[in-house]
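In case you want the letters, here they are:
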Amino acid sequence: MNSDLFLTSLHLSFPELILAVGALILLMVGVFSGERSGKLVSVLAMIVFAIAFFWLLFIPAQGLGWGGVYKADGFARFMKLLALFGSFVALFMSIGHAKENQLDKFEFPVLVVLSTLGIMVMISANDLISLYLGLELQSLSIYVIAAINRDSLKSTEAGLKYFVLGALSSGMLLYGMSLVYGFTGHTNFADIAQALSADGGRSLGLIFGLVFILAGLAFKISAVPFHMWTPDVYEGAPTAVTAFLASAPKVAAMSMLVRVVITAFLPLLIDWQQIIVFIAIASMLLGSFAAIGQHNIKRLMAYSSIGNMGYVLVGLSAGTPAGVSGVMLYMLIYVIMTLGSFAVIMSMRRQDGTVVEEIDDLAGMSTTSPFMAMVLTATMFSLAGIPPLAGFFAKYFVFMAAVDAKLYALAVIGFLTSVIGCYYYLRIVKVMWFDKPVGQFAEPSGSLKLVFGLSGLFMIVYIFVGGPIGGAVDLAAATLF
């Protein structure tokens, strides 16, 4: 690689370099400052995220780097900004509650930075090999932080389950990649698409490869039937870790799925569309029905997450710019709703410091903690897709993309499962506003108040700011096609 190409590649991947160098510096700070440096390293990690965020925001770069395995475009930029935002907020929420879950170790923020570095690489991957490298860097860090509270049996069990099933999904993904490479002779996405167009594509071995790749990626977004790890990991991991898990890695996995099917496998649209439609319907149905019987609010949020990924896949199954635009908008609104929800869940603690997670513990919250109750109500209404809150627009655009692509049955099933899902969201609202109080909640920390307050405000005012956001998303989505 000559010096000009090398410098261009460095410029394109500078946000990743900020995180990589930042992680190494943070590790040194932690090692030399000792065990008590967790808070300092967390604050420095947030500064690293902020620097990378503003670099991406104000110095956009487009093009191919590192021999074509890395791609910077509008789509990657939007999704990276969203992932950095999710990581920043999850770390910000954890600072005040680090001690109780052993998150005050300096290794925790370092692992979050390394995981986010993997996420950034995944989002810009333009080759099967760079995709896998990013995926493993992200996953290995998350396996550790899911089980970071070694004194908790639930936490170590969550980490082990995630590790075992994650290793299985990585194996399926690699096998699919090897089949695709064997039948096309390429690992680069653009070259794969070209080979598929030239050959007329559809050999049986190649379809098998596509199925295995989609199965591996479906695990990462916890779509049915690869969802089995989600409720246990959401419940067992410390809540700050769950908030991170539910935001940035989901953005990365969905970005990767979009880029793979749109950039590499668009000539096989009919084949992957059937798989995505099946996974979307299964996820929406399971997410709607399985959540009804849940009593633990973190498990309920896990099934809600599975259902939401189903709705996102409705947009992707269209395979059009409008569909991808709907996916991106849904992920933006989903991340903000989820972080707001988990900020409230982290605030669920009694005056004596006891942490509670049962839905029944929210009884009478409207009288004991009215502000928290109002925010959680707005978030639940938004997750249910009730207009004019942000969640309604998220669902509206993915369903409209499906209708435009003549996937009428998919849109109807999506609408019906959304109505069923309203039941368990509204049950939480009913418990908060109409049941008798069972105890007083302690005053939440300022950081959590700020997160769930701004999240609730976004749900309500989205109708006024949605136009410019939608325009930015459409422009970013168009760069994929």
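Residues numbered from 1 in each chain as written. Predicted model: local features only at pLDDT ≥ 70, side-chain atom pairs only at ≥ 80, totals over all residues. Heavy atoms only, no water.

With that out of the way, let us pick up the overall build of the protein chain. Looking only at helices and strands, one finds 20 helices and two strands in the protein chain. Taken over the C-alpha trace, the protein chain has a radius of gyration of 21 Å; the compact-globule value for 481 residues is 23 Å, and the two agree within 12%. By principal-axis analysis of the C-alpha atoms, the protein chain measures approximately 65 × 60 × 40 Å. If you take every contact in the protein chain between residues at least 6 apart in sequence, the share linking residues at least 24 apart comes to 81%. With an accessible surface of roughly 17800 Å², the protein chain has 72% of that area assigned to carbon and sulfur atoms. Of the side-chain charges in the protein chain, 24 are positive and 25 negative, and the distance between the mean point of each set is 5 Å. (Helix = DSSP H or I, 4+ residues; strand = E, 2+ residues; numbered from the N terminus. Rg over C-alpha atoms; globule rule 2.2 N^0.38 Å. Contact = heavy atoms within 4.5 Å. Areas by Shrake-Rupley, 256 points an atom, 1.4 Å probe, with all protein chains shown as cover. Lys, Arg positive; Asp, Glu negative; His and termini not counted. Charge placed at Lys NZ, Arg CZ, Asp CG, Glu CD.)

Moving on: helix 12 (residues 248–264). The end-to-end C-alpha distance of helix 12, which contains 17 residues, comes to 23 Å, matching closely the 24 Å that a straight helix rising 1.5 Å per residue would cover. Taken across its 17 residues, helix 12 has 17 buried, putting it largely inside the fold. (Expected span 1.5 Å × (residues − 1). Buried < 20%, exposed > 50% of the residue type's maximum accessible area, 1.4 Å probe, protein only.)

Estimates place the volume of the largest pocket at around 380 Å³. Elements with a minimum of two residues in the lining of the largest pocket: helix 4 (74–94), helix 15 (321–346) and helix 20 (446–478). The element contributing the most residues to the lining of the largest pocket is helix 4, with six residues. For the lining of the largest pocket, the per-class residue count stands at ten nonpolar, three polar and one charged. (1 Å grid on protein atoms, 1.4 Å probe; cavity = no way out; pocket = protein on both sides within 12 Å on 5 of 7 lines; lining within 4 Å. Points joined across faces, edges and corners; volume = space filled by probe spheres on them. Nonpolar A, V, L, I, M, F, W, Y, C, P; charged D, E, K, R; others polar.)

Our next topic: helix 5 (residues 107–124). With 18 residues, helix 5 ought to run about 26 Å at 1.5 Å a step, and its terminal C-alpha atoms sit 26 Å apart, in line with that. The buried fraction of helix 5 is high, at 15 of 18 residues.

Quick look at empty space enclosed by the protein now. This structure, assessed with the given rule, holds three cavities of 30 Å³ or more. Volume-wise, the largest cavity comes out at about 100 Å³. Along the wall of the largest cavity there are 15 residues; nearest its centre are Leu-12, Leu-56, Ala-61, Ala-72 and Lys-80. Every element with two or more residues in the lining of the largest cavity is listed here: helix 1 (3–12), helix 3 (38–58), strand 2 (70–72) and helix 4.

As a further point, take the side chain of Asn-126. In this fold, Asn-126 is placed in the loop between helix 5 and helix 6 (128–146). For Asn-126, the residues in contact, after removing those within four places along its chain, are Leu-64, Gly-68, Val-69, Tyr-70, Lys-71, Asn-188, Phe-189 and Thr-263.

Before going further, it helps to examine the pattern of salt bridges. Counted by the stated rule, this structure contains eleven salt bridges. As a salt-bridge pair, Asp-232 and Arg-299 come within 3.0 Å of each other at their nearest N and O atoms. In this pair, Asp-232 sits in helix 10 (residues 230–236) while Arg-299 sits in helix 14 (residues 297–318), placing the two residues 67 residues apart along the sequence. With a relative accessible area of 26%, Asp-232 lands in the partly exposed category. Residue classification places Arg-299 among the buried residues on the basis of a relative accessible area of 19%. For Lys-449, the salt bridge is made with Glu-443, and the minimal N-O distance between the two is 2.3 Å. For Lys-449, a relative accessible area of 32% puts it in the partly exposed group. Salt bridges here are not isolated pairs; linked through shared partners, they connect Lys-154, Glu-157, Lys-161, Asp-232, Glu-235 and Arg-299. (Salt bridge = Lys/Arg side-chain N within 4 Å of Asp/Glu carboxyl O.)

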